[in-house]
Amino acid sequence: MTWRWRYENANGGEVSAAELSREVFPSQADAESWLGEAWRELLESGVEQVTLLDGDRVEYKGMSLRPQE
């Protein structure tokens, strides 16, 4: 299994700016831990939400990077 994040704008369209990290993780826990550290930088780069993929399978989608108020 290979886990990765798909970066998205607020409408769910993919964001593919060159400066964005394209990490691949050996486990879901590793991917989620990395996101916990990197979400602020992603948000500053124009990423509004993310989708977690296991290979081609969607684990969950549309997770906002904005803090809940």
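Quick summary incoming for the structure in this document. The structure presented is a predicted model; accordingly, all values stated were derived computationally and were not measured.

**Section: helix H1 (residues 28-44)**
Moving on, step 1. A rise of 1.5 Å per residue sets the reference length of H1, with its 17 residues, at 24 Å; its end C-alpha atoms lie 24 Å apart and thus fit the reference within 8%.
Moving on, step 2. Where H1 bends most, at Ala38, the angle is about 60°.
Moving on, step 3. Within the span of H1, buried status applies to Ala31, Trp34, Leu35, Ala38, Leu42 and Leu43.
Moving on, step 4. Tucked into the core, H1 has its buried residues touching strand S1 (3-8), strand S2 (49-54) and strand S3 (57-64).
Moving on, step 5. Positive backbone phi, at 100°, marks Gly46, one or two positions downstream of H1.

**Structural notes on the nonpolar core**
The tendency in soluble globular proteins is for nonpolar side chains to be buried as a group.
Moving on, step 1. Counting residues in each nonpolar core, the largest one holds 16 residues, and the members touching the most others are Trp5, Tyr7, Trp34, Leu42 and Val47.
Moving on, step 2. Broken down by secondary-structure element, the contributors of at least two residues to this core are S1, H1 and S2.
Moving on, step 3. Element by element, the count of residues in this core is highest for H1, at 6 residues.
Moving on, step 4. Sequence-distant contacts of Leu42, that is, excluding residues within four places in its chain, are made with Tyr7, Leu20, Trp34, Leu35, Val47 and Leu65.

**Examining the side chain of Gln49**
Moving on, step 1. The residue Gln49 is located in strand S2 in this model.
Moving on, step 2. In this structure, Gln49 is in contact with Arg6, Tyr7, Glu8, Asn9, Ala10, Gly12, Gly62, Met63, Ser64 and Leu65, ignoring residues within four places of it in sequence.

**Things to note about the pattern of salt bridges**
Moving on, step 1. A complete count under the given rule lists 4 salt bridges for this structure.
Moving on, step 2. Arg57 is the partner of Asp54 in a salt bridge, and the nearest nitrogen-oxygen pair spans 3.2 Å.
Moving on, step 3. For Arg57, a relative accessible area of 43% puts it in the partly exposed group.
Moving on, step 4. Arg57 is paired through a salt bridge with Glu59; the nearest N and O atoms lie 2.8 Å apart.
Moving on, step 5. Judged by relative accessible area, which is 31%, Glu59 ranks as partly exposed.
Moving on, step 6. Sharing partners across several salt bridges, the network here consists of Asp54, Arg57 and Glu59.

**A few points about the sheet that holds S1**
Moving on, step 1. Strand order across the open sheet formed by 3 strands is S1-S2-S3, with antiparallel pairing between neighbours. A strand with exactly one partner marks an edge of an open sheet, and here the two such strands are S1 and S3. Adjacent strand axes in the sheet meet at a mean angle of 20°, parallel and antiparallel pairs treated alike.
Moving on, step 2. With 5 bridges connecting them, S2 and S3 associate as antiparallel partners. If you follow Leu52 over to S3, its bridge partner there is Tyr60.
Moving on, step 3. H1 contacts S1, S2 and S3 of the sheet and is inclined by roughly 30° relative to S1.

Quick notes on the rules
Residues numbered from 1 in each chain as written. Predicted model: local features only at pLDDT ≥ 70, side-chain atom pairs only at ≥ 80, totals over all residues. Heavy atoms only, no water. Helix = DSSP H or I, 4+ residues; strand = E, 2+ residues; numbered from the N terminus. Expected span 1.5 Å × (residues − 1). Bend = angle between axes of the 7 residues up to and from the residue. Buried < 20%, exposed > 50% of the residue type's maximum accessible area, 1.4 Å probe, protein only. Contact = heavy atoms within 4.5 Å. Core = buried A, V, L, I, M, F, W, Y, C linked by side-chain atoms within 4.5 Å. Salt bridge = Lys/Arg side-chain N within 4 Å of Asp/Glu carboxyl O. Pairing = 2+ DSSP bridges. Axes fitted to C-alpha atoms, helices over the stretch in contact; angles between N-to-C directions.

So, to be careful, I would describe these as geometric facts and stop short of saying anything about function.
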